[in-house]
Amino acid sequence: MPARVYSPTPANLRRLAAALRRGELVAMPTETVYGLAANALDAKACRAIFKAKGRPANDPLIVHVLDLAHAEQLAEFNDTARRLARRFWPGPLTLVLPKKSCVPGIVTSDGPTVALRSPAHPLARRLLRLGRNSAGCASANRFGYISPTTTAHVVDGLSRRIPHVLEAARAGWAWNPPFST
């Protein structure tokens, strides 16, 4: 069955946040690319990201969090990491820190560290806030392919492998990279 594409209404955002809590996958926009999200503390849900993407298990996920307080529940922060998070979050900065025991091994490829990021995209932030959880994420594409920047890219690449896609463009939030190359 193809993925259902949801417009970013308040009811749909609540519905997708509940889906994340239940362990389902949701493709969501971030300020850089579309991410494929799962409840980061649910090992089974995170394994589903690897399966949907065809991603090798030795390629860890990035955990998306709402804020520094939430991140500190998942990793051991030092003063430098706190300063960086306060200065650059929300935004496209990923911090790699010693993980706490609540983070499943599948998220970190059984490594001792976890990658953390607080996305700036308003829809990603709303999902995190409504879900009251963190989201293990990887780009919402098949492993080895170009990262998606539109809903159409996600649907073309993963439609039969994931249940939910959050549409950003209909809300006027098209992908807009924070830098140019």
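Everything discussed here concerns the structure shown above.
Basis of the calculations
Residues numbered from 1 in each chain as written. Predicted model: local features only at pLDDT ≥ 70, side-chain atom pairs only at ≥ 80, totals over all residues. Heavy atoms only, no water. Helix = DSSP H or I, 4+ residues; strand = E, 2+ residues; numbered from the N terminus. Rg over C-alpha atoms; globule rule 2.2 N^0.38 Å. Buried < 20%, exposed > 50% of the residue type's maximum accessible area, 1.4 Å probe, protein only. Contact = heavy atoms within 4.5 Å. Areas by Shrake-Rupley, 256 points an atom, 1.4 Å probe, with all protein chains shown as cover. Lys, Arg positive; Asp, Glu negative; His and termini not counted. Charge placed at Lys NZ, Arg CZ, Asp CG, Glu CD. Pairing = 2+ DSSP bridges. Axes fitted to C-alpha atoms, helices over the stretch in contact; angles between N-to-C directions. Parallel < 35°, antiparallel > 145°, perpendicular 65-115°, else oblique. Left-handed = near helix turned anticlockwise from the far one by under 90°. Nonpolar A, V, L, I, M, F, W, Y, C, P; charged D, E, K, R; others polar. Salt bridge = Lys/Arg side-chain N within 4 Å of Asp/Glu carboxyl O.

## Some thoughts on the overall build of the chain
Check the secondary structure of the chain and you find seven helices and eight strands. Over its C-alpha trace the chain gives a radius of gyration of 15 Å, about what one expects of a compact globule, namely 16 Å for 181 residues. Principal-axis analysis of the C-alpha atoms places the extent of the chain at approximately 45 × 35 × 30 Å. Residues classed as buried in the chain amount to 50% of the 181 residues present. In the chain, the share of contacts with a sequence separation of at least 24, taken over all contacts with a separation of at least 6, comes to 68%. As displayed, the chain offers around 8,800 Å² of accessible surface, 54% of which is attributable to carbon and sulfur atoms. If the 25 positive side-chain charges of the chain are averaged to one point and the 11 negative ones to another, these points end up 6 Å apart.

## As for helix H2 (residues 43-53)
Three or more residues of H2 are buried, namely Ala45, Cys46, Ile49, Phe50, Ala52 and Lys53. Of the surrounding elements, those touching the buried residues of H2 are strand S3 (34-39), helix H5 (105-108), strand S7 (135-139) and helix H7 (151-158). Directly after H2, the chain includes Gly54, whose backbone phi takes a positive value near 70 degrees.

## Focus: the sheet that holds strand S2 (residues 26-29)
Pairing is mixed in the open sheet, where eight strands are placed in the order S1-S8-S2-S3-S7-S4-S6-S5. Each having just a single partner strand, strand S1 (4-6) and strand S5 (91-98) make up the two edges of the open sheet. Taken over all neighbouring pairs, the strand axes of this sheet differ in orientation by 35 degrees on average, direction set aside. With three bridges connecting them, S1 and strand S8 (residues 164-166) associate as parallel partners. In the strand pairing of S8, Arg4 is matched with His164.

## Quick notes on the packing of helix H1 (residues 10-21) against helix H6 (residues 122-131)
If you want to describe how two helices pack, look at the angle between their axes and the distance between the axes. Viewed as axis vectors pointing N to C, H1 and H6 meet at an angle of 60 degrees, and their least axial separation amounts to 8 Å. Taken together, the axis directions place H1 and H6 in an arrangement best described as oblique. Taken as a pair, H1 and H6 cross one another with a handedness that is right-handed. Here H1 contributes Leu13, Arg14, Leu16, Ala17 and Arg21 to the contact with H6, which in turn contributes Leu123, Arg126, Leu127, Leu130 and Gly131. In terms of residue class, the contact of H1 with H6 is built from six nonpolar, one polar and three charged.

## Digging into the pattern of salt bridges
The tally for this structure, following the rule as stated, stands at five salt bridges. Close ionic contact of Arg82 with Glu72 constitutes a salt bridge, the shortest N to O distance being 2.6 Å. Note that Arg82 is positioned in helix H4 (residues 79-88) and Glu72 in the loop between helix H3 (68-71) and H4, a separation of 10 residues in sequence. By relative accessible area, which is 25% here, Glu72 ends up partly exposed. The closest approach of N and O atoms between Asp79 and Arg82, which form a salt bridge, is 3.6 Å. Of this pair, Asp79 and Arg82 both sit in helix H4, three residues apart, which is roughly one turn of the helix. Each member of the salt-bridge network shares a partner with another, and the members are Glu72, Asp79 and Arg82.

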